[in-house]
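Examination of the molecular architecture
Chain by chain, the residues:
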Amino acid sequence: MAFRGDRPRIGQVAQLAGVSATTVSHALNGRRPVSAETRRRIMDAIAELGYRPNVVARGLRAGRSLTVGLVIPDITNPFYPVLARGVQDVLGPAGYDEIITNTNGVRDLERAALDKMISRQVDGVAFAVFNTHADDLQPVIDAQIPVVRLGGRQSQPGVDLVHSDDEGGAREAVRYLLHSGYRRIAFICGPAAVGPAAERVAGYRAALAEAGVGPQQNLVVHTDFSRAGGAHGVEKLIRQRKRPDAVLCANDMMAIGALDAARERGLRVPDDLAVMGFDDIEAATLVTPQLTTIANPAREIGMACARLLLDRINGAAGPPHELVIPTRLVRRQSA
C-alpha cells in the first residue's frame, strides 16, 4: 500500500502501520517506550512511504530549534571527532542535530562561537574549554541556554561540567614511569597549561612530590597541542645539558611528535627516551613504537555531556552537576 502525490505525512505512516500518529511520534523521538514489533511496523511503513519527519515544524511546535552547539578547539585532533560521536549517539535518537565549531583554542574565537550559538537559537551548548573565562559564558546563561563545559575544573552557576580525571591520570602516568626506573621525567603541555592540561601538570607534580623527587628545573615545556608542538618540546628538552630520560605529553598527538623528534635525533624509544601520551586515540597503536598512554574515554565523555544537556533541555532544575570520567593506564612499547 503506498500513498502518492504530496509528501507523506505522519498520519499516513500511522494508517499503514496500524497505530496512532502519537505512537509513531513516540517511536521517532524515543520519549515513550514502544514495543519492538510496533517499532518494526512503523519503520517498515516509513521505508515504504519514504516519510521524512518535518524537523522544523516539530521544533516550532516544541518551541525549540532541535539543535545543539558543540564548540571544540581542534577538529583535526582525533580525540574530538570521537567525543562528537558520543554526543551524537545520545542526541541523535532524541531528534537533535549538532552544529560543530572549531576555535583553535583562541579566546576570541571561543567567544565568537558562543555568540553564533546564541544567534542560531540552539537548545544547548557543549563547550570544550581552553581560554574562555567565566564571564564569557554569561551571555549563553542569560539566554537561558543549557551549557555543559568539557574539561577544566572551574565551577560556575548555571553551567554543568564533564571532564576526565585529568589530574589522576597524569599522576598515574608519572607513578608508572617512576616505578619503571625513570627519574628525570619531563612534561610537554599546552600554552600556559590552560584547560585540562593544567590539571595534568598538577598530577605530574603531585606524583613527583609523593616520590620525593623535588622540582626539576626546565622540565615543563609549554607548546602547541599538536604533533609539531610535541616535536618542538622534545627538541627543546634534549638540547639541555642534562636531558630527561622520560617525557609525558599532554595528548597523544604531541607524543607522536615527540617520537618524530626522538627518531630524527637518533634516540631509541624507550631505551634512550621513554615517551608517554594522554588520550589513547586510535593513532596511538599505529605508530612505532606503539604509545604507552592514559586512556581518556572521549566517547563516554561526549555521551555523558549529551545526557546532561538533554536533562536540562527537558526542564531538569537544580545546582550544576560535575561528572568525572575515570582514566586508565594503557601499557605499550614507548615507555
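As shown above, the structure is provided for reference.
Report follows, based on the coordinates. Please read these numbers as outputs of a predicted model, since none were measured by experiment.

1. Remarks on the packing of aromatic side chains
- Inspection of the entire model under this criterion finds 2 aromatic pairs.
- Centroid distance phenylalanine 187 to tyrosine 204: 5.3 Å. Interplanar angle 45 degrees. Geometry classified as tilted. Linking phenylalanine 187 in strand E6 (residues 185-189) with tyrosine 204 in helix H9 (residues 196-210), this pair joins segments that are 17 residues apart in sequence.
- Classification of tyrosine 204 as buried rests on a relative accessible area of 2%.
- In this structure, arginine 200 is placed above the aromatic ring of phenylalanine 278, and the distance from its NZ or CZ to the ring centre is 3.8 Å.

2. Remarks on the environment of cysteine 189
- Residue placement: cysteine 189 occurs in strand E6.
- Considering only alpha carbons, one finds cysteine 189 and serine 226, 37 residues apart in sequence, at a separation of 10.0 Å.

3. So, the sheet that holds E6
- The 4 strands are arranged E7-E6-E8-E9 in an open sheet whose pairing can be described as parallel. Whereas interior strands pair on both sides, the edge strands pair on one side only; in this sheet they are strand E7 (220-222) and strand E9 (274-276). If you compare each strand with its neighbour and ignore which way they point, the axes differ by 20 degrees on average.
- Relative to strand E8 (residues 246-249), E6 runs parallel, the two sharing 4 bridges. For phenylalanine 187, the partnering residue across the bridge sits in E8 and is leucine 248.
- H9 contacts E6 and E7 of the sheet and is inclined by roughly 170 degrees relative to E6.

4. Some details on the environment of valine 13
- Take valine 13: it is sitting in helix H1 (residues 10-17).
- The spatial distance from the C-alpha of valine 13 to the C-alpha of alanine 47 is 9.5 Å, given a sequence separation of 34 residues.
- Those residues within four positions of valine 13 in sequence are excluded, and the remaining contacts are Val24, Ile42, Ala45, Ile46, Leu49 and Tyr51.

5. Here we look at the nonpolar core
- Ranked by internal contacts, the top residues of the largest apolar core, which has 79 residues, are Leu150, Val162, Leu177, Ile185, Val275 and Met276.
- It is helix H12 (residues 298-313) that provides the largest number of residues to this core, a total of 9 residues.
- Excluding residues that lie within four positions of it along the chain, methionine 276 makes contacts with Ala173, Tyr176, Leu177, Val247, Leu248, Cys249, Ala255, Thr292, Thr293, Ile294, Leu329 and Ala335.
- Grouped together as the second largest cluster of nonpolar side chains are 14 residues, Val71, Met117, Val125 and Val159 included.

6. As for the side chain of threonine 223
- Relative to the helices and strands, threonine 223 is located in the loop between E7 and helix H10 (227-238).
- Judged by relative accessible area, threonine 223 falls into the buried class, the value being 9%.
- One polar contact links the side chain of threonine 223 to the main-chain carbonyl oxygen of glycine 229, over a distance of 3.2 Å.
- Filtering out sequence-adjacent residues up to four positions away, threonine 223 remains in contact with Ile188, Cys189, Gly190, Pro191, Gly229, His232 and Met254.

7. A word on helix H11 (residues 252-264)
- Compared with the 18 Å implied by 1.5 Å per residue over 13 residues, the 18 Å span of H11 between its first and last C-alpha is a close match.
- In terms of residue burial, H11 counts as a mostly covered element, since 11 of its 13 residues are buried.
- Taken together, the buried positions of H11 are occupied by Asp252, Met253, Met254, Ala255, Ile256, Gly257, Ala258, Leu259, Asp260, Ala261 and Ala262.
- For H11, the secondary structure elements touched by its buried residues are E6, H10, E8, E9 and strand E10 (293-295).
- A distance of 3.1 Å separates the backbone nitrogen of methionine 253 from a side-chain oxygen at the start of H11, and that oxygen is part of asparagine 251.
- One or two steps after H11, the chain reaches glycine 266, where phi turns positive at roughly 80 degrees.

8. Observations regarding the pattern of salt bridges
- Scanning the entire structure with this criterion turns up 20 salt bridges.
- Here aspartate 160 and arginine 312 are joined by a salt bridge, their closest N and O atoms 2.8 Å apart. Note that aspartate 160 is positioned in strand E5 (residues 159-164) and arginine 312 in helix H12, a separation of 152 residues in sequence. Grouping residues by exposure puts aspartate 160 and arginine 312 together as buried.
- Between glutamate 210 and arginine 171 there is a salt bridge, with the nearest N and O atoms lying 3.6 Å from each other. Placement of the pair is glutamate 210 in helix H9 and arginine 171 in helix H8 (residues 166-179), with a sequence separation of 39 residues.
- Exposure remark for arginine 171: the relative accessible area of 19% places this residue in the buried category.
- Among the charged side chains, a salt-bridge network with shared partners connects Arg107, Asp108, Arg111, Asp135 and Asp136.

What counts, and at which threshold
Residues numbered from 1 in each chain as written. Predicted model: local features only at pLDDT ≥ 70, side-chain atom pairs only at ≥ 80, totals over all residues. Heavy atoms only, no water. Phe/Tyr/Trp six-rings, centres within 6.5 Å; stacked < 30°, edge-to-face > 60°. Helix = DSSP H or I, 4+ residues; strand = E, 2+ residues; numbered from the N terminus. Buried < 20%, exposed > 50% of the residue type's maximum accessible area, 1.4 Å probe, protein only. Lys NZ or Arg CZ within 6 Å of the ring centre and 35° of its normal. Pairing = 2+ DSSP bridges. Axes fitted to C-alpha atoms, helices over the stretch in contact; angles between N-to-C directions. Contact = heavy atoms within 4.5 Å. Core = buried A, V, L, I, M, F, W, Y, C linked by side-chain atoms within 4.5 Å. Polar contact = N/O pair within 3.5 Å; in protein donor to acceptor, adjacent residues only side chain to side chain. Expected span 1.5 Å × (residues − 1). Salt bridge = Lys/Arg side-chain N within 4 Å of Asp/Glu carboxyl O.

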